[in-house]
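Chains, contacts and geometry: an overview
For reference, the chains in residue letters:
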Amino acid sequence: MKVLVVHGPNLNMLGTREPAIYGRTTLADINAMLTEEARQRDMELRLFQSNGEGEIVTAIQDSAEWAEAIIINPGAYTHTSVAIRDAIAATGLPTVEVHLSNIYAREEFRHHSYIAPIAVGQIAGFGRESYRLALIALQRSVKS
Ligand code: DQA
């Protein structure tokens, strides 16, 4: 299975960004873990991070021909972006929404996701393990 992994804004700052919430794991650590997990599961990944909403939309559009599924942590765009939601919906690809933190245990504005209604499912609150669980969930639930 070919999977596009999208990391949204500020996730490039993991490691130093609000460690009490997000821990000390860096984005490079997460990508290395995902790469190894995918190798063991015979999955192929494309890893992408951007702080820009339009760049994320373009990356989703560009990968639509190649990818069979999407894993996305849209960061703060989770709570604001109709454009990213529409881009995912346009691909028709099974998508898992991922969050490091439990967004429902945080501020009220984080409780709403524009992405969740068009996703296969959402995994939140398990730190970097949320990403690993997303890979496993896709492999077990989606036929490639
Ligand atoms: C986040 C949660 C979002 O509310 C926040 O804006 C982020 C990270 C998470 O992974 O927990 O940037 O998506």
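Higher on the page you've got the structure.
Throughout what follows, the structure given in this document is the object of discussion. (Residues numbered from 1 in each chain as written. Predicted model: local features only at pLDDT ≥ 70, side-chain atom pairs only at ≥ 80, totals over all residues. Heavy atoms only, no water.)

Remarks on the side chain of Ser-81
We count it as follows: Helix and strand assignments come from DSSP, with helices taken as H or I runs of at least 4 residues and strands as E runs of at least 2, each series counted from the N terminus. Polar contacts here mean pairs of N or O atoms no more than 3.5 Å apart (in protein, one a potential hydrogen donor and the other a potential acceptor; neighbouring residues in sequence count only if both atoms are side-chain atoms). A contact between two residues is defined here by any heavy atoms of the two lying within 4.5 Å.
On the secondary structure map, Ser-81 appears in the loop between strand 3 (69-73) and helix 4 (82-91). Side-chain polar atoms of Ser-81 contact the backbone nitrogen of Ile-84, separated by 2.9 Å. Those residues within four positions of Ser-81 in sequence are excluded, and the remaining contacts are Glu-53, Tyr-114 and Ile-115.

Some remarks on the environment of Ile-123
For the record, the criterion: Only protein chains enter the accessibility calculation, which uses a 1.4 Å probe; a residue whose area is less than 20% of its type maximum is buried, one above 50% is exposed, and one in between is partly exposed.
Within the fold, Ile-123 resides in strand 5 (residues 121-124). According to the relative accessible area criterion, Ile-123 is buried, its value standing at 16%. Residues within four places of Ile-123 in sequence aside, it is in contact with Val-96, Glu-97, Val-98, His-99, Ser-130, Leu-133, Ala-134 and Ala-137.

Remarks on the pattern of salt bridges
As a reminder of what qualifies: Salt bridges are identified by distance alone: a Lys or Arg side-chain nitrogen within 4 Å of an Asp or Glu carboxyl oxygen.
Per the counting criterion, the structure on display carries six salt bridges. With its nearest N and O atoms 2.9 Å apart, the salt bridge here joins Glu-37 to Arg-41. A single salt-bridge network, built from bridges that share partners, covers Glu-37, Arg-41, Glu-129 and Arg-132.

A few points about the packing of helix 2 (residues 27-40) against helix 5 (residues 129-141)
For clarity, the cut-off: For helices, the fitted axis covers only the stretch in contact; all axes are lines through C-alpha atoms, and the angles between them, taken along N-to-C directions, range from 0 to 180 degrees. Put simply, angles under 35 degrees are roughly parallel, angles over 145 are roughly antiparallel, angles from 65 to 115 are roughly perpendicular, and the rest are oblique. For any pair of crossing helices, the crossing counts as left-handed if the nearer helix is rotated counterclockwise from the farther one by less than a right angle, and right-handed if it is rotated clockwise. Classification convention: Asp, Glu, Lys, Arg as charged; Ala, Val, Leu, Ile, Met, Phe, Trp, Tyr, Cys, Pro as nonpolar; all other residues, Gly among them, as polar.
In the contact formed by helix 2 and helix 5, the axes pass within 10 Å of each other and the chain directions differ by 25°. Judged by the angle between their axes, helix 2 and helix 5 are roughly parallel. Of the two elements, helix 2 crosses helix 5, and the hand of that crossing is right-handed. Listed contacts from helix 5 to Ile-30, Met-33, Leu-34, Glu-37 and Ala-38 of helix 2 are Tyr-131, Arg-132 and Leu-135. Here the residues of the contact of helix 2 with helix 5 are counted per class, giving six nonpolar, no polar and two charged.

Focus on the sheet that holds strand 4 (residues 95-99)
Applied cut-off: What makes two strands pair is DSSP finding at least two bridges between them.
Spatial strand order, 2-1-3-4-5: five strands in an open sheet with parallel pairing. A single partner strand is all that each edge strand has here, and the edge strands are strand 2 (44-49) and strand 5. Going from strand to strand, the sheet's axes swing by 20° on average, the running direction of each strand aside. With six bridges connecting them, strand 1 (residues 2-7) and strand 2 associate as parallel partners. Bridged to His-7 within strand 2 is Gln-49. Contacts from helix 2 reach strand 1 and strand 2, with the element oriented near 165° to strand 2. Sitting on the sheet, helix 5 touches strand 1, strand 2, strand 3, strand 4 and strand 5, and the angle it makes with strand 3 is about 160°.

Some details on the nonpolar core
Note the cut-off: We call a set of buried residues a nonpolar core when its members are Ala, Val, Leu, Ile, Met, Phe, Trp, Tyr or Cys and they connect through side-chain atoms within 4.5 Å of each other.
Core analysis: the largest hydrophobic core is formed by 23 residues, its most contacted members being Val-3, Ile-71, Tyr-131 and Leu-138. When residues of this core are assigned to their parent elements, the largest contribution, five residues, is made by helix 2. Leaving out residues up to four positions away in the same chain, Val-3 has contacts with Met-43, Glu-44, Leu-45, Arg-46, Trp-66, Ala-69, Ile-70, Ile-71 and Leu-138. Listed in part, the 15 residues of the second largest apolar core include Ile-56, Ala-67, Ile-72 and Tyr-77.

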